[in-house]
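# Examination of the molecular architecture
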Amino acid sequence: MSKDGLILPKDFPQLLNDTFLRAARGEETEHVPVWCMRQAGRYLPEFRETRAGKDFFETCRSPETCCELTLQPLRRFAFDAAIIFSDILVVPQAMGMDVQMVPGKGPTFPEPLKEPEDLQRLQTKVDVGKELGYVFKAITLTRHKIEGKVPLIGFTGAPWTLMSYMIEGGGSNTHSKAKRWLYRHPESSHMLLRMLTDVIVEYLLGQVAAGAQALQVFESHAGILGPVEFKEFSLPYLRDIARRVKDKLKEAGQDVPMIVFAKDAHYGVEDLSQSNYEVVGLDWTIDPRSARERTGGKVSLQGNMDPCALYAPKEQISDIVKRMLEGFGTRGYIANLGHGLYPDMDPENVGAFVEAVHQHSKQMIKQM
Ligand SMILES: Cc1c2[nH]c(c1CCC(=O)O)Cc1[nH]c(c(CCC(=O)O)c1C)Cc1[nH]c(c(CCC(=O)O)c1C)Cc1[nH]c(c(C)c1CCC(=O)O)C2
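In this text, all values refer to a predicted model and were calculated from it rather than measured experimentally.

Turning our attention to the overall build of the chain. Secondary structure summary: the chain contains 16 helices and nine strands in total. Relative to the 2.2 N^0.38 estimate, which gives 21 Å for 368 residues, the radius of gyration of the chain is 20 Å and therefore close to what a compact globule would have. Expressed as lengths along the three principal axes of its C-alpha atoms, the size of the chain is roughly 60 × 45 × 45 Å. Counting the 368 residues in the chain, one finds 61% classified as buried. Of all intrachain contacts in the chain linking residues separated by at least 6 positions in sequence, the fraction that spans at least 24 positions is 75%. Carbon and sulfur atoms make up 49% of the accessible area of the chain, which totals about 15,700 Å². In the chain, 44 side chains carry a positive charge and 48 a negative one; their mean positions are 1 Å apart.

As structure tokens, then:
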């Protein structure tokens, strides 16, 4: 342990497959790397078995279980990266909010933020080593147990997405309670977004110190904002996070690629490609060719097959993947879905997706 409570990584097994990291940096690869959001999830029977009868956030607090759940998909599929099993809502918990995972309902805050006065309930100076040390332990343990097979991705929710959960108190169709704050209490909204940004920066640095080899920032609720609100309440904080994390890592001589995934934020793609992230993650509503044109080769791209395409027969999945690869091109590209896997998806079709990415991309690269 270092003096600030962070676990220092050492003696990790040598990385055997750095395809994902090279693609993130826009370097040449032999095949297009692939992983899936929510690859550790309920579509796997072994995941359901490990999770059975246990509270979701209790599971998140057990480094051994998080490590096991992270490794499960790697035993089945030739993924080129793993993402640590955890949740974005551990950050509001670290700031003092109660969050429960209610089966059949999803994440629930019994006492959401209602008015700006409620910000006083939040912990402003969060000791991330103390409050989120269990995530760091899970990352360090997984870096050992993964045996260098593939890189390990750490992650966080972005400020706006976390703010919207903290005010809505759970999932929502309109997000109108959270959006009410943006129009009615803009100053308090910025105050909350700044508080979240400060915690997130420390949290991501802690994840790297613990052994994370890449970082993804999930702005899952970007699409509920219009372009003007996105530019005011999301983008500046996304930029600030990448800049502050990068500056600190540079001081320490570390270089960790960062991915920003702002779901449904079409209008933000140009701005996101100039926001200090190496990779821009895309949902399936954007055409691969136009995403390339609009980002002008400045960043690598990640995504974006419609998760529901995994309900198609395997041969069709292969065709869809081929078209996607042709659209993005094989350089500076990480194949993924446009959002997470659903619990009713067939693991065999996930395998077909991974195989199709590897096979088609190998061929395309050989023919270049
Ligand atoms: C919005 C969000 C959350 N959590 C997350 C996001 C951002 C990504 C996105 O947009 O989906 C991020 C997340 N959550 C989880 C991961 C693990 C890593 C991975 O992708 O494999 C990641 C990266 C595990 C999880 N997090 C959750 C599950 C499923 C519940 C379980 O295991 O019991 C998993 C595998 C629970 C969760 N947690 C959250 C929701 C909406 C749910 C679903 C609730 C439900 O379906 O009942 C909040």
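Having seen the structure, we can now continue with the description.
Within the structure, the ligand sits among 22 residues, and R38, R42, R51, D87 and S220 are positioned closest to it. Here Q39 contributes a backbone N or O atom positioned 3.1 Å from an oxygen atom of the ligand. Within the side chain of D87, a nitrogen or oxygen atom sits 2.7 Å from a nitrogen atom of the ligand. Taken by itself the ligand offers 870 Å² of open surface, and the protein chains cover 87% of this.

The next thing to look at is the packing of helix α10 (residues 186-210) against helix α12 (residues 235-251). Following both chains from N to C, one finds α10 and α12 inclined at 35°, their axes separated by 10 Å at the closest point. In the packing of α10 onto α12, the handedness of the crossing is right-handed. Side by side, α10 and α12 meet where H190, L193, R194, T197, D198, I200, V201, L204, L205 and V208 of the first sit next to Y237, D240, I241, R244, V245, K248 and L249 of the second. When grouped by side-chain class, the residues that make up the contact of α10 with α12 number 10 nonpolar, two polar and five charged.

Glancing now at helix α8 (residues 159-168). Helical periodicity: at 3.6 residues per turn, an α-helix aligns residues three or four positions apart in one direction. With 10 of its 10 residues buried, α8 lies for the most part within the structure. For α8, every residue scored as buried is listed here: P159, W160, T161, L162, M163, S164, Y165, M166, I167 and E168. G169 occupies a position one or two residues after α8 and carries a positive phi of about 80°.

Turning to the nonpolar core, a few remarks are in order. With 129 residues, the main nonpolar core has L192 and F353 as its most contacted residues. When residues of this core are assigned to their parent elements, the largest contribution, 12 residues, is made by α10. Ignoring sequence-local partners within four residues, the contact set of F353 consists of V34, C36, M305, L310, I317, V321, M324, N336 and L337.

Time to look at the UniProt feature "domain: Uroporphyrinogen decarboxylase (URO-D)" (unreviewed entry) in the chain. Mapped onto the present numbering, the UniProt feature "domain: Uroporphyrinogen decarboxylase (URO-D)" (unreviewed entry) falls at residues 33-42 and 153-169. Helix makes up 0% of residues 33-42 and strand 0%, whereas the separation of the span's terminal C-alpha atoms amounts to 23 Å. Each end of residues 153-169 is marked by a C-alpha atom, and these two atoms are 27 Å apart; helix forms 59% of the span and strand 29%.

Attention now goes to the packing of aromatic side chains. Inspection of the entire model under this criterion finds nine aromatic pairs. Pairing F56 with F57 gives two aromatic rings, centres 5.0 Å apart and planes at 80°, and the pair type is edge-to-face. Accessibility expressed as a relative area gives 12% for F56, which makes it buried. What makes F57 buried here is its relative accessible area of 2%.

Next up on the list: the side chain of R143. If you trace the backbone, R143 turns up in helix α7 (residues 133-145). Comment: no salt bridge for buried R143; closest opposite-charge side chain is D11, at 10 Å. In this structure the side chain of R143 is engaged in a polar contact, spanning 2.8 Å, whose partner is the backbone oxygen of G211. Residue contacts for R143: discarding those within four places in its chain leaves F12, P13, L152, G211 and Q213.

About the cut-offs
- Residues numbered from 1 in each chain as written.
- Predicted model: local features only at pLDDT ≥ 70, side-chain atom pairs only at ≥ 80, totals over all residues.
- Heavy atoms only, no water.
- Helix = DSSP H or I, 4+ residues; strand = E, 2+ residues; numbered from the N terminus.
- Rg over C-alpha atoms; globule rule 2.2 N^0.38 Å.
- Buried < 20%, exposed > 50% of the residue type's maximum accessible area, 1.4 Å probe, protein only.
- Contact = heavy atoms within 4.5 Å.
- Areas by Shrake-Rupley, 256 points an atom, 1.4 Å probe, with all protein chains shown as cover.
- Lys, Arg positive; Asp, Glu negative; His and termini not counted.
- Charge placed at Lys NZ, Arg CZ, Asp CG, Glu CD.
- Near = heavy atom within 4 Å.
- Polar contact = N/O pair within 3.5 Å; in protein donor to acceptor, adjacent residues only side chain to side chain.
- Axes fitted to C-alpha atoms, helices over the stretch in contact; angles between N-to-C directions.
- Left-handed = near helix turned anticlockwise from the far one by under 90°.
- Nonpolar A, V, L, I, M, F, W, Y, C, P; charged D, E, K, R; others polar.
- Core = buried A, V, L, I, M, F, W, Y, C linked by side-chain atoms within 4.5 Å.
- UniProt positions renumbered as here; feature names shortened; annotations may be inferred.
- Phe/Tyr/Trp six-rings, centres within 6.5 Å; stacked < 30°, edge-to-face > 60°.
- Salt bridge = Lys/Arg side-chain N within 4 Å of Asp/Glu carboxyl O.

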